[in-house]
Amino acid sequence: GIVMKLLVVGPRGKMGRLITGIAAEREDITLVGGVAPSGRDYIGTDLGEVAMIGRSLGVPVVSDVEELIDKCDVIIDFATVEQAMVTLEAAVRHKKALICGTTGFNAEQRSTFEEAGKVIPVMLAANTSRLVNVMYKLIEDATKLAGDVDIEILDMHDNTKLDSPSGTAKEIGEIVAAARGKALHDVDRYGREGRCPRRHGEIAFHSIRGGDISSSHTTYFVGPGERLEITHHSQSFKCFAAGAVDCAVFLGKQSVGSYTVQDCFGL
């Protein structure tokens, strides 16, 4: 079959390391190198060593995406918001497919990704786990079938998580709001303090951060005298990395457009 040439941005991060390791094992992928945020001390060394996968891959880690971009078919970026915007701009200029798994973009940055979909195949993937995306589908169905219940969303992450609520929790909120025919920003609430009665129809978010707990997301559907909980636990980041690599391979086969993780998994 066709071998896809992959460039990994952020190869030292927890996701970047796993993605590199999984991609290195796949027959249908060749890694062309990695791109590190500038100033890192491992720039110029081997991608396999940087990602700590236990062997050299014979391709470098560079500081500028421009150095390797022409060698790849698809770029996979799990780095910072700032780096993502640099990567996106280069991907558009060089007409390369891009999957970005970074979260925490503002509305303006998200619309830049949408615009890019007119020029390249692009995917903004808040959560690349297959089972999380199955959960999204169940939540959509439950929202439509449960009637007039109160819905609240809880996300749990380790103490290094930067944004709150998580990108996945926000996606859940968007799905619930859309299933109810509402815009999330009209019905959302973040935490509660003091006197704050629950508004009818609001979707409330709560976030727990601590230690090294693996991420969990629970959506509560609460009716009179009963409740339904839909929960996903991830034991490790492997589920996200494997899904991200699947998404990259999927994206490499697509024509220009904006794609979602759900498109990749056929949900």
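This text goes with the structure placed above it.
Below: a short report on this structure.

Reading the values: the criteria
Residues numbered from 1 in each chain as written. Predicted model: local features only at pLDDT ≥ 70, side-chain atom pairs only at ≥ 80, totals over all residues. Heavy atoms only, no water. Patch = residues over 30% accessible without salt bridge, like charges linked within 9 Å, V, L, I, M, F, W, Y side chains within 5 Å. Areas by Shrake-Rupley, 256 points an atom, 1.4 Å probe, with all protein chains shown as cover. Salt bridge = Lys/Arg side-chain N within 4 Å of Asp/Glu carboxyl O. Helix = DSSP H or I, 4+ residues; strand = E, 2+ residues; numbered from the N terminus. Buried < 20%, exposed > 50% of the residue type's maximum accessible area, 1.4 Å probe, protein only. Phe/Tyr/Trp six-rings, centres within 6.5 Å; stacked < 30°, edge-to-face > 60°. Core = buried A, V, L, I, M, F, W, Y, C linked by side-chain atoms within 4.5 Å. Contact = heavy atoms within 4.5 Å. Axes fitted to C-alpha atoms, helices over the stretch in contact; angles between N-to-C directions. Parallel < 35°, antiparallel > 145°, perpendicular 65-115°, else oblique. Left-handed = near helix turned anticlockwise from the far one by under 90°. Nonpolar A, V, L, I, M, F, W, Y, C, P; charged D, E, K, R; others polar. Pairing = 2+ DSSP bridges. Expected span 1.5 Å × (residues − 1). Right-handed = clockwise from strand over helix to strand, strands pointing away.

### Re a nonpolar patch on the surface
Nonpolar side chains collect at one region of the surface, where Leu131, Val134, Leu138 and Leu267 lie side by side and expose about 340 Å² of accessible area between them. With respect to the element layout, Leu267 can be found in the segment after α9 (261-265). Given the relative accessible area of 40%, Leu267 is considered partly exposed.

### Some thoughts on the packing of aromatic side chains
Under the counting rule described, the total for this entry stands at four aromatic pairs. Here the aromatic rings of Phe250 and Tyr259 are separated by 5.8 Å at their centres, their planes lie at 85°, and the arrangement is edge-to-face. Accessibility expressed as a relative area gives 15% for Tyr259, which makes it buried.

### A look at the nonpolar core
Across soluble globular proteins, you tend to see nonpolar side chains buried next to one another. Of all hydrophobic cores here, the largest spans 35 residues; its most connected members are Leu6, Ile19, Ile76, Ile99 and Met123. Sorting the residues of this core by element identifies β1 (4-9), α1 (14-25), β2 (29-35), α2 (47-50), β4 (74-77), β5 (97-100), α8 (238-251) and α9 as the ones contributing at least two each. Ranked by residues supplied to this core, first place goes to α8 with nine residues. For Ile99, the residues in contact, after removing those within four places along its chain, are Val74, Ile75, Ile76, Asp77, Met123, Ala125, Thr128, Ala244, Cys247, Ala248 and Leu251. Formed by 22 residues, the second largest nonpolar core is a distinct cluster that contains Val35, Leu88, Ala116 and Ile120.

### Description of the pattern of salt bridges
The full count for this structure, using the stated rule, is 19 salt bridges. Linking Arg198 and Glu152 is a salt bridge whose minimum nitrogen-to-oxygen distance equals 2.8 Å. Highlighted residues: Arg198 in the loop between β8 (188-190) and β9 (203-209) and Glu152 in strand β7 (residues 150-157), separated in sequence by 46 residues. Take Glu152: its relative accessible area is 13%, and that puts it in the buried class. Where salt bridges share partners, they join Asp150, Glu152, Arg189, Arg192, Arg198, Arg199 and Glu202 into one cluster.

### Some thoughts on the packing of helix α3 (residues 81-94) against helix α4 (residues 107-116)
α4 packs onto α3 with a crossing angle of 20° between their chain directions and a minimal axis gap of 11 Å. With respect to α4, the element α3 is oriented roughly parallel. Pair α3 / α4 crosses with left-handed handedness. In contact with Val81, Ala84, Met85, Leu88 and Val92 of α3, α4 contributes Gln109, Thr112, Phe113 and Ala116. Per-class residue counts for the contact of α3 with α4 are seven nonpolar, two polar and no charged.

### Topic: the sheet that holds strand β10 (residues 216-223)
Reading across from one edge, β8-β9-β7-β10-β11 is the order of the five strands in this open sheet, with mixed pairing throughout. Looking at which strands have only one partner, the edges of the open sheet turn out to be β8 and β11 (226-233). This sheet shows a mean twist of 20° between the axes of neighbouring strands, independent of strand direction. Two strands pair when backbone bridges link them, and β10 and β11 are joined in this way by eight bridges, in the antiparallel orientation. Counted as the bridge partner of Gly223 is Glu226 from β11. Contacting β7, β10 and β11, helix α5 (residues 130-145) runs over the sheet at an angle of about 165° to β11.

### Brief notes about α8
Since there are 3.6 residues in each turn of an α-helix, residues three or four apart along the chain are aligned in direction. With 14 residues, α8 should reach 20 Å at 1.5 Å per residue; the first-to-last C-alpha distance of 20 Å fits that figure. Among the 14 residues of α8, ten are classified as buried, and the element is accordingly described as predominantly covered. Where α8 is concerned, the buried positions are Phe240, Ala241, Gly243, Ala244, Val245, Cys247, Ala248, Val249, Phe250 and Leu251.

### Section: the pairing of β5
Burial of β5 is two-sided: the residues Ala97 and Ile99 facing one way and the residues Leu98 and Cys100 facing the other way are all buried. In terms of strand pairing, β4 meets β5 through four bridges, oriented parallel. Each bridged residue has a counterpart across the sheet, and for Asp77 the counterpart in β5 is Cys100. Examined bridge by bridge, β5 and strand β6 (residues 121-124) share three bridges and lie parallel to one another. Bridged to Leu98 within β6 is Val122. In this fold, β5 hands off to α4, which returns the chain to β6; that crossover is right-handed.

### Some details on the environment of Val59
The residue Val59 is located in the loop between α2 and β3 (61-62) in this model. It is 5.0 Å that separates the C-alpha atoms of Val59 and Gly33, two residues lying 26 residues apart in sequence.

### Digging into the sheet that holds β6
The seven strands lie next to each other as β3-β2-β1-β4-β5-β6-β12, forming an open sheet whose pairing is parallel. Lying at the two open borders of the sheet, with one neighbouring strand each, are β3 and β12 (257-259). Here α8 sits on the sheet and contacts β1, β2, β4, β5, β6 and β12; the angle it forms with β5, its principal contact strand, is near 160°.

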